[in-house]
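Given next are the chains, with one letter for each unit.
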Amino acid sequence: MAINDDDLDKLCFLARLALNEGDRAPLKSDLQRMLGFVDSLRDADVGDCAPMAHPHDSDLRRRVDAVSSGDQCDQLTALAPAASAGMFLVPKVIE
Amino acid sequence: MSAAVDAWEAVIGLEVHVQLRTASKMFSGAATAYGAEANCQANVVDVALPGVLPVVNAEAINKAIRFGLAVGGDISADSVFDRKNYFYPDLPKGYQLSQFAQPIVAGGLVHARRADGSLLQVQLTRAHLEEDAGKSIHDAFAGATGVDYNRAGTPLLEVVTEPVLHSAADAVAYLKALHTLVRWLGICDGNMQEGSFRCDANVSVRPRGSDQLGVRSEVKNVNSFRFVEKAISYEIERHIRLCERGEQPVQETRLYDAARDQTRSMRSKEYAEDYRYFPDPDLPPLRLSEAEIAAQREQLPELPQQRYRRYLEELGLSDYDADLLSTERALSDYYEQVAAAAGDAKLAANWVLGEFSAALNSAQLNVEDSPLDSARLGGLLAKLASKEINGKIAKKVFEAMWRSADSAAEAIDRLGLKKIDDSAALAAMVDQLIAQHPEQWAQLQQGQDKLLQFFIGQAMRATRGQADAGVLQGMIRDRLGQ
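Computed from a prediction, not measured in an experiment: that's the story for all the values here.

This part takes up the overall build of chain B. Looking only at helices and strands, chain B features 17 helices and 18 strands. Its C-alpha atoms give chain B a radius of gyration of 31 Å, clearly above 23 Å, the size a compact globule of 482 residues would have. With the C-alpha coordinates of chain B rotated into their principal frame, the extents come out at 95 × 55 × 50 Å. A total of 482 residues make up chain B; the buried ones form 52% of that total. The contacts of chain B with a sequence gap of at least 6 include a subset with a gap of at least 24, amounting to 68%. About 21700 Å² of surface is accessible on chain B, with carbon and sulfur atoms providing 49% of the total. One finds the centroid of the 52 positive side-chain charges in chain B at a distance of 3 Å from the centroid of its 66 negative side-chain charges.

This is the structure we're talking about:
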């Protein structure tokens with residue numbers, strides 16, 4: 001499968017990436033190679049393998065339903081570029 | 001318009017987000033209580049700081065299993081958490097953890113009743129576990145949106161129906177039955193104002209008789225039964241109007257505006273809905289053993305639908321009473337205990353739905369906070385059932401018991417309302433009444449039977465209702481020579 005400019009535009013939109021014009025060709029080539037690698041996996045014989053959702057045969061660890069963390073508002077909002085009244089502030093988004 | 005409307009059939013499928021009642025979040029140990037100060041209940045996992053890992057809340061899983069068993073769905077021995085990728089500020093990871101290809105519950109049936117009493121069975125597609133997003137506040141900051149992650153990571157069970165509903169009224173009947181069920185099971189508090197039970201409706205129309213599905217629109221996050229009904233009705237009419245004009249509805253998400261009673265477009269789905277689901281590499285599959293599922297099955301209570309049928313068929317309650325007594329678990333359990341103690345199921349139903357519910361209402365109390373426990377009310381009704389007291393006295397005793405910790409016997413004693421069973425004293429009183437009212441007595445003797453009630457009434461007044469009306473009637477008839 002070849003990556004064309006439309007595919008690249010769509011991937012960039014989904015990943016919210018704004019590419020410089022000069023980055024387009026190298027990225028297209030990288031993506032092409034990744035797809036080539038994925039294609040090569042198709043050649044592996046997996047006839048005896050059931051499809052799996054995870055490479056490790058391990059059980060999902062579960063925790064008891066208990067509150068184990070308290071108010072971290074000040075520490076968390078201190079990491080944010082902008083915060084006010086305990087809230088994280090982001091550029092206005094409204095639908 | 002109605003002929004045109006009849007030519008179309010609405011097809012509705014519902015997705016309900018049921019917030020599971022847990023102390024902590026789906027994948028973190030932060031609290032889930034509603035109404036806390038912004039971001040005081042968010043931790044490093046909820047805001048997706050680098051390097052943190054999710055750990056699943058066992059109680060959310062158990063509650064999902066109980067739901068699946070209650071609707072007769074298949075509990076998956078192997079279910080998987082996927083990443084649903086999209087960007088929005090209230091989703092700090094850039095993906096929501098949700099179950100896509102392998103949900104914990106497949107299938108199932110919800111039993112609902114329409115307003116006219118007819119049965120509505122709604123086929124479920126699935127129910128899957130996922131995490132809630134945070135909340136965006138758009139109007140509090142100039143030029144900025146504020147984000148509160150307290151809700152981020154709260155466990156949700158998303159319950160999805162097949163597109164099998166055909167009217168707004170049926171959609172609401174289903175929602176009410178689901179709402180009853182999740183509260184009954186104790187898996188959700190059902191508070192719609194606080195967003196604990198939120199509905200998205202997928203609506204389309206097709207020519208009546210067709211088996212093709214039309215293009216659907218999705219109405220998001222409607223938070224009351226009344227608004228769901230209005231929003232769906234509006235959408236059905238809008239789709240029919242478009243189709244009648246020969247236009248095709250667009251696949252899109254719409255918001256219901258209650259103030260204007262209309263829906264408006266929120267975003268077009270064609271580009272936005274590319275979620276690129278894939279299994280979360282941080283969470284291995286959730287494997288459930290038969291023993292774990294059986295342990296949850298043992299915890300299932302008798303379900304509202306089962307109780308409703310038992311009330312109708314075994315206890316002989318009216319449809320109306322059976323319905324009211326199988327809707328709210330606390331009231332239903334209270335009724336069960338009263339009926340057992342009273343030994344008379346119909347009498348207990350009358351009193352629990354009558355005097356008791358009226359007293360709760362006027363005191364603005366929940367059943368759980370009732371000052372009169374079920375054993376005491378049952379004791380009072382046992383005395384009424386055995387005719388130890390009559391209905392009028394029972395009401396007085398009820399009021400006294402509501403305001404005290406007395407048993408029925410204690411309240412009756414305290415109020416001096418014990419039934420007069422001294423027949424000699426009653427006989428003397430009857431003779432005295434006859435002497436006091438010679439005209440009425442003569443008329444009664446001449447066959448004016450309604451005067452029998454006059455004498456019984458006089459006797460009841462004289463004894464403050466403590467005499468047995470049947471005994472009095474026998475004594476008067478004796479004296480009439482009947």
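Now, onward.
You'll often see interface size given as the accessible area lost when the parts meet. Residues and elements named next belong to chain B. Along its sequence, chain B is organised into domain 1 (2-292), domain 2 (302-415) and domain 3 (423-480). Here the C-alpha centroids of domain 2 and domain 3 sit 33 Å apart. Every contact between the two is made by five residues of domain 2 and, on the other side, six residues of domain 3. The junction of domain 2 with domain 3 conceals about 280 Å² of combined surface from both sides, 35% of it contributed by carbon and sulfur atoms. When the area that domain 2 buries against domain 3 is broken down by residue, the three leading residues are Asn 390, Ile 393 and Leu 415, summing to 72%. On the surface where domain 2 and domain 3 come into contact, there are zero salt bridges. When grouped by side-chain class, the residues that make up the side of domain 2 that touches domain 3 number two nonpolar, one polar and two charged.

Let us look at helix 13 (residues 408-415) of chain B. Residues and elements named next belong to chain B. Among all positions in helix 13, only Ala 408, Ala 411 and Ile 412 are buried. End-on view of helix 13: buried residues confined to an arc of 100 degrees, all on one side of the axis. Those residues of helix 13 that are exposed and aimed more than 90 degrees away from the buried face are Asp 413 and Arg 414. Packed against the buried residues of helix 13 are helix 11 (374-385) and helix 12 (391-402). Where helix 13 ends, the next residue or the one after it, Gly 416, has phi of about 65 degrees, a positive value.

We now examine the sheet that holds strand 10 (residues 135-141) of chain B. Read across the open sheet, the four strands follow the order 2(A)-3(A)-11(B)-10(B); overall the sheet is antiparallel. Looking at strand neighbours, the two that pair on one side only are strand 2 (83-84) of chain A together with strand 10 of chain B, the edges of this open sheet. Relative to strand 11 (residues 144-148) of chain B, strand 10 of chain B runs antiparallel, the two sharing four bridges. Bridge pairing in strand 11 of chain B places B:Ile137 opposite B:Gly146.

Attention now goes to a positive patch on the surface. Residue and element names in this part refer to chain B. Side chains of Lys 392, Lys 396, Arg 461 and Arg 464 sit close together on the surface and give a patch of like positive charge. Position of Arg 461 relative to the elements: it lies in helix 16 (residues 451-462). Residue classification places Arg 461 among the exposed positions, given a relative accessible area of 64%.

A few words on unusual backbone geometry. Residues and elements named next belong to chain B. Positioned with a positive phi, Ala 48 is a non-glycine residue whose angle comes to about 60 degrees. With respect to the helices and strands, the residue Ala 48 is situated in the loop between strand 1 (8-19) and strand 2 (56-57). Unusually for a residue other than glycine, Gln 364 sits at a positive phi of about 50 degrees. Of note, Gln 364 is situated in the loop between helix 10 (345-363) and helix 11.

It is worth spelling out empty space enclosed by the protein at this point. Residues and elements named next belong to chain B. Tallied over the entire structure, the rule returns one cavity of 30 Å³ or more. In this structure, the largest cavity occupies an estimated 30 Å³ of space. Taken together, Cys 199, Ala 201, Val 219, Val 222, Val 228, Ala 231 and Ile 232 make up the lining of the largest cavity. The set of elements that each furnish at least two residues to the lining of the largest cavity consists of strand 13 (197-207), strand 14 (217-222) and helix 4 (225-244). Here the lining of the largest cavity takes three residues from helix 4, the largest share from any one element. Grouping the constituent residues of the lining of the largest cavity by class yields seven nonpolar, no polar and no charged.

Residue and element names in this part refer to chain B. The N-to-C vectors of helix 12 and helix 13 enclose an angle of 105 degrees; their axes lie 9 Å apart at closest approach. In terms of orientation, helix 12 lies roughly perpendicular with respect to helix 13. For the pair helix 12 and helix 13, the contacting residues are Lys 396, Val 397, Ala 400 and Met 401 in the first and Ala 408, Ala 411, Ile 412, Arg 414 and Leu 415 in the second. Partitioned by chemical class, the residues of the contact of helix 12 with helix 13 number seven nonpolar, no polar and two charged.

To describe a pair of aromatic rings, one takes the distance between the centres and the angle between the planes. Throughout the structure, instances matching the rule amount to 13 aromatic pairs over all chains. Each ring, one from B:Phe356 and one from B:Trp402, has its centre 6.1 Å from the other, and the planes form 70 degrees; the classification is edge-to-face. Taken together, the residues B:Phe356 in helix 10 and B:Trp402 in helix 12 connect sequence positions 46 residues apart. Since its relative accessible area comes to 15%, B:Trp402 is described here as buried. Ring-pair connections join several aromatic residues into one group, and the members of that group are B:Tyr334, B:Trp351, B:Phe356, B:Phe398 and B:Trp402. Directly above the ring of A:Phe13 sits A:Arg16, whose terminal nitrogen or CZ lies 4.7 Å from the centroid. Geometry around B:Tyr275 places B:Lys84 over its ring, the cationic atom sitting 4.4 Å from the centre.

Right, let's get into the layout of surface pockets. All names here are of chain B. Computed from the structure, the second largest pocket encloses a volume of approximately 700 Å³. Around the second largest pocket sit 31 residues that line it, and Ala 112, Arg 113, Ala 173, Lys 176 and Ala 177 are the ones nearest its centre. Among the elements of the structure, strand 8 (109-113), helix 3 (168-184), helix 4, helix 7 (304-313) and helix 8 (319-324) are those that each provide at least two residues to the lining of the second largest pocket. Tallied by class, the residues present in the lining of the second largest pocket amount to 15 nonpolar, eight polar and eight charged. Inspection of the lining of the second largest pocket shows a minimum of three residues originating in each of domain 1 (2-292) and domain 2 (302-415).

Criteria and thresholds
Residues numbered from 1 in each chain as written. Chains lettered and ligands numbered in written order. Predicted model: local features only at pLDDT ≥ 70, side-chain atom pairs only at ≥ 80, totals over all residues. Heavy atoms only, no water. Helix = DSSP H or I, 4+ residues; strand = E, 2+ residues; numbered from the N terminus. Rg over C-alpha atoms; globule rule 2.2 N^0.38 Å. Buried < 20%, exposed > 50% of the residue type's maximum accessible area, 1.4 Å probe, protein only. Contact = heavy atoms within 4.5 Å. Areas by Shrake-Rupley, 256 points an atom, 1.4 Å probe, with all protein chains shown as cover. Lys, Arg positive; Asp, Glu negative; His and termini not counted. Charge placed at Lys NZ, Arg CZ, Asp CG, Glu CD. Domains from an automatic or database assignment. Buried area = accessible area lost by both parts, 1.4 Å probe. Salt bridge = Lys/Arg side-chain N within 4 Å of Asp/Glu carboxyl O. Nonpolar A, V, L, I, M, F, W, Y, C, P; charged D, E, K, R; others polar. Arc of directions from axis to C-beta. Pairing = 2+ DSSP bridges. Patch = residues over 30% accessible without salt bridge, like charges linked within 9 Å, V, L, I, M, F, W, Y side chains within 5 Å. 1 Å grid on protein atoms, 1.4 Å probe; cavity = no way out; pocket = protein on both sides within 12 Å on 5 of 7 lines; lining within 4 Å. Points joined across faces, edges and corners; volume = space filled by probe spheres on them. Axes fitted to C-alpha atoms, helices over the stretch in contact; angles between N-to-C directions. Parallel < 35°, antiparallel > 145°, perpendicular 65-115°, else oblique. Phe/Tyr/Trp six-rings, centres within 6.5 Å; stacked < 30°, edge-to-face > 60°. Lys NZ or Arg CZ within 6 Å of the ring centre and 35° of its normal.

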